[in-house]
Amino acid sequence: MASSLTKDSVRPGTPGSEKTFFGHPRGLATLFMTEMWERFSYYGMRALLPLYLVAPGGLHLSGGTASAIYAVYLSLVYLLALPGGWFADRLLGPRKTVAVAGAVIMLGHLCLAVPFAASFYVGLVLVAIGSGLLKANISTMVGHLYNGPEDPRRDGGFTLFYIGINLGAFVAPLVIGTIGENVNWHLGFALAALGMALGLVQYLLGGRHLNPKSSEVPTPLSAEEKAATLRKGLIWLAVAAVFYGVVGGTGHFTLNWALIPLTVIGLIVPILVIARIMRDKDLDAGERSKVSAYIWFFVAAAVFWMIYDQGGSTLSLFAKDSAENSVLGWDFPVSWYQSVNPVLIMALAPIFAWLWLWLNRRGKEPSTIVKFSSGLVLVGVSFFVFLAPLSVAEGGHKAAALWLVAIYFVQTVGELTLSPVGLSVTTKMAPQKYASQMMGVWFLAVTAGDSVTALLSNPAVGGVNLDKKGFVALEAVLAVVAGVAVWMYRHKVKKLMGNVN
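Residues numbered from 1 in each chain as written. Predicted model: local features only at pLDDT ≥ 70, side-chain atom pairs only at ≥ 80, totals over all residues. Heavy atoms only, no water.

Draft legend 1. Structural context of the pattern of salt bridges. Here the structure, examined in full by the defined rule, presents 5 salt bridges. Of the charged contacts, one joins E38 and R39 as a salt bridge, the two residues approaching to 2.7 Å between their closest N and O atoms. Residue E38 is classed as buried on the basis of its relative accessible area, which comes to 0%. When its relative accessible area of 4% is taken as the criterion, R39 is described as buried. Notably, a salt bridge pairs D321 with K320, separated by 2.6 Å at the nearest N-O pair. Residue classification places D321 among the partly exposed positions, given a relative accessible area of 46%. (Salt bridge = Lys/Arg side-chain N within 4 Å of Asp/Glu carboxyl O. Buried < 20%, exposed > 50% of the residue type's maximum accessible area, 1.4 Å probe, protein only.)

Shown next as structure tokens:
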């Protein structure tokens, strides 16, 4: 992540090559700003979401229902990254798809800004769809700016892009969160729409600096395939309409039951996708073995994200009711906790990148398996830390804000140990036939983890109080045991991985 930025010449023929962005193709500035504003809108809305759902001036839902909605929303964002990539590959190409995504996200935030419950849920769906479309394609467009994987500027370019992501994520809760909590919820959501609008405008104006390859449709659908795809889409739409029509018509429709089909989809789709890849007869023995090894990493990642993503729901709702949200007598909005992770990422990512290189030169860099198991253990430890403020709250006192900061710190260290390594190992272990699709499979690990959280917290199914000491301890133990299991079976997994380190 922390590769140095070089001043090499810009790729010949790249539009805008007369100017650079810190020595990189000018198009990187366009994508940097687009992603920064999109993350600003996304993380700002996300910081407000669970608080608005339970607030008397919001939707005034129970904590369990709010956690289920939040988890389902996150699972859909990552689930939709898979069809988002397909949409660009087969229909519009990355450049047009990202433009459509930005417009859909902006419209979604505008729907959230309207003070009606029905409009709010429509807005959530639209933001999830738009985020899925954008997430799958904007990184691909960054790659198009360079002369393939061997371009010495490539890693530095992605490092800059990564800074844009975390810069938007850091500022968003401070601005949108403050306005939403202290002034008006819907004004906060409107600010998220404004942020996406700014990102979309500069994306359209700066489009001339992008590589022409980003406008290409790699494998366009034939007329027959378009007809078949439309037919299947209409059939599934009809099935959904009939299902919810019957449930509503018989008087059984509730919000919690409406979430269940989405939760089940989030659990079933990852299993079906991996099973389809495993059954593919075009894969040779080596590729099949690597996919078998990858399942270990996938399950481990799902456990990690199941706990990690509760930082925006379980921890946030706990902070609202049971934490002393102040430093040296200065009070701050609950949503500001969501800025802790991105600022820690920006501070610690270069240190980790340097550390791995330093250890590598001495032949002591931990293997991918050891890094993964460490990430799992750390996210488990973060929930062991969570037991301390929970105990304070049970005693009738407010927990200090630094307890929550400590939890986010441990989770961020775990994220830096597991997440970048997971992205890398996904590209290394992907069968040639599924080179692009496997990145979507990695995102499905987030979908699976959040879907488990949604199922457990949904009052219509599990109804588990995720902020109770017993369940927090159980999750902590699960993560640590999973991490130890991955480490104990490291030799078996390494054998399945073949030549991948």
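Draft legend 2. Region of interest: the environment of A241. With respect to the secondary-structure elements, A241 resides in helix α8 (residues 223-249). For the pair formed by A241 and V405, sequence separation is 164 residues and the distance between their alpha carbons is 44 Å. (Helix = DSSP H or I, 4+ residues; strand = E, 2+ residues; numbered from the N terminus.)

Draft legend 3. Quick peek at unusual backbone geometry. With phi around 55 degrees, H60 is a residue other than glycine that occupies positive phi space. Positionally, H60 belongs in the loop between α1 (27-54) and α2 (63-79). Residues other than glycine seldom take positive phi values, yet L328 does so here, at roughly 55 degrees. Looking at where L328 falls in the secondary structure, it is placed in the loop between β4 (326-327) and β5 (330-331).

Draft legend 4. Spotlight on helix α9 (residues 255-279). Counted at 1.5 Å a residue, the expected span for α9 with its 25 residues is 36 Å, and the 37 Å between its end C-alpha atoms agrees. For α9, the set of buried residues is N256, A258, L259, I260, T263, G266, P270, V273, I274 and I277. At its buried positions, α9 is contacted by α2, α3 (81-92), α8, α10 (285-308) and α15 (437-457). (Expected span 1.5 Å × (residues − 1). Contact = heavy atoms within 4.5 Å.)

These figures capture arrangement, not role.
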